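Structure at a glance
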Amino acid sequence: MNKNRPFKIPKTNSLVAVSIYTVLALIAFTFSTLYVIAPKWQILGLPVLGALFFTFIEYVAHRFLYHSGEDYKNESNWQYTMHGVHHVHPNDKGLLAMPIIMALVLAALFFGLFYLLMGEAAYFFWPGFLLGYAGYLFIHYTIHARKAPNNLFGYLWKHHLLHHYIYDNKAFGVTSPLWDVVFGTMPPNKALHRKG
C-alpha cells in the first residue's frame, strides 16, 4: 500500500452485501405490490427492465468511469481506490464489492432519480435494478472465488477473466456480454472459444 494514501481501502463481504440487497429489493417489491396501484405489466415488467438497465449502468460505469484513462492502476488516482485495486489484487475477495453504506447511498440516489423520471413506476423499476446489482455482485464474486463451471455460465468466467488478464480495454460486462456486443468491446471470438 502507498504510504502517501491517507486511508485504508475498505473491504466488503460480497455475500453479505448480496443478501442485504436481495432482501431490500424483495421488501421494496412487496411494499410496491401492496401499496401502489399499477397495471400488471408494470408490476411484472418494470422489475425486469430495472435489472436490464442495471446491466447497462454496470457496463457504462466499468468502461467510462473505472477505466477512464490509462492510469486506473495508479494508487494516486480515484479509479484505483474504486476499481484499479481489484485489477491489481483480483483474487482478494474483500475487494469485489463497494462498501455497503456507499452502495445503499447510491441505491437511494438512483431511486430518487427514477422517481423523478417515472413517478410511481419507480417503485417497481428500482427493486429490479437493485436485484440486478445483487446478481452482478454474486456473479462477480463467484467468478473470482470459484472454478468455472462446465456449462453455459462458464462463458461469463472466460469473458470476465479475459478482461482482467488480457484485454483490459474490452469485456466490460460482467453479468452479460450484451453491452460489449452493442458497443463493440467484445474480445476476439477466438479468445472466448479457446479451451482452458
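Figured I'd write up the structure that's included with this text. Computed from a predicted structure; not experimentally measured.

Side note on the pattern of salt bridges
For the structure on display, the rule yields one salt bridge. Note that Lys 11 is salt-bridged to Asp 92, the shortest N-O span being 2.4 Å. You can see Lys 11 sitting in the segment before helix 1 (14-35) and its partner Asp 92 sitting in the loop between helix 3 (78-88) and helix 4 (100-118), a full 81 residues away along the chain.

Overview of the packing of aromatic side chains
Under the counting rule described, the total for this entry stands at 25 aromatic pairs. Arranged with centres 5.8 Å apart and planes meeting at 45°, the rings of Phe 53 and Phe 125 form a pair that is tilted. Of this pair, Phe 53 sits in helix 2 (residues 40-66) while Phe 125 is found in helix 5 (residues 122-145), placing the two residues 72 residues apart along the sequence. With relative accessibility at 29%, the residue Phe 53 sits in the partly exposed group. Their ring planes at 80° and their centres at 5.1 Å tell us that Phe 114 and Phe 129 sit as a pair that is edge-to-face. Here Phe 129 lies in helix 5 and Phe 114 lies in helix 4, a separation of 15 residues in the sequence. Phe 129 sits in the buried class, given a relative accessible area of 5%.

Considering the nonpolar core
General note: in soluble globular proteins, nonpolar side chains tend to be found buried as a group. Counting residues in hydrophobic clusters, the biggest one holds 31 residues, and the most contacted among them are Tyr 21, Tyr 133 and Leu 137. Of all the secondary structure elements, the ones that give two or more residues to this core are helix 1, helix 2, helix 4, helix 5 and helix 6 (154-165). If you tally residues by element for this core, the top one is helix 5, at 11 residues. Residue contacts for Leu 137: discarding those within four places in its chain leaves Ala 17, Val 18, Tyr 21, Leu 96 and Ala 97.

Focus on the side chain of Thr 12
Here Thr 12 shows up in the segment before helix 1. Aside from chain neighbours lying at most four places away, what touches Thr 12 is Ala 17, Lys 93, Gly 94, Ala 97, Met 98, Pro 99 and Ile 100.

Conventions adopted
The residue numbers shown here count from 1 along each chain, following its written sequence. Reporting of local features is limited, given that this is a predicted model, to residues whose pLDDT is at least 70; pairs of side-chain atoms are given and counted only at 80 or more, and all residues count toward the totals for whole chains, interfaces and linings. Side-chain numbers here rest on the full set of heavy atoms in the structure, without hydrogens or water. The working definition used for a salt bridge is a side-chain nitrogen of Lys or Arg within 4 Å of a carboxyl oxygen of Asp or Glu. Helix and strand assignments follow DSSP, with helices taken as H or I runs no shorter than four residues and strands as E runs no shorter than two, numbered in order from the N terminus. Here the aromatic set is Phe, Tyr and Trp, taking the six-membered ring for Trp, and pairing holds for ring centres within 6.5 Å; pairs whose planes are under 30 degrees apart are stacked, those over 60 apart are edge-to-face, and all others are tilted. Each residue's exposure class comes from its accessible area (1.4 Å probe, protein chains only) as a fraction of the maximum for that residue type: buried when under 20%, exposed when over 50%, partly exposed otherwise. Here, the term nonpolar core denotes a set of buried Ala, Val, Leu, Ile, Met, Phe, Trp, Tyr and Cys residues that are joined through side-chain atoms within 4.5 Å. Here, two residues are considered to be in contact whenever any of their heavy atoms come within 4.5 Å of each other.

Function cannot be read off these values alone, since they describe shape.
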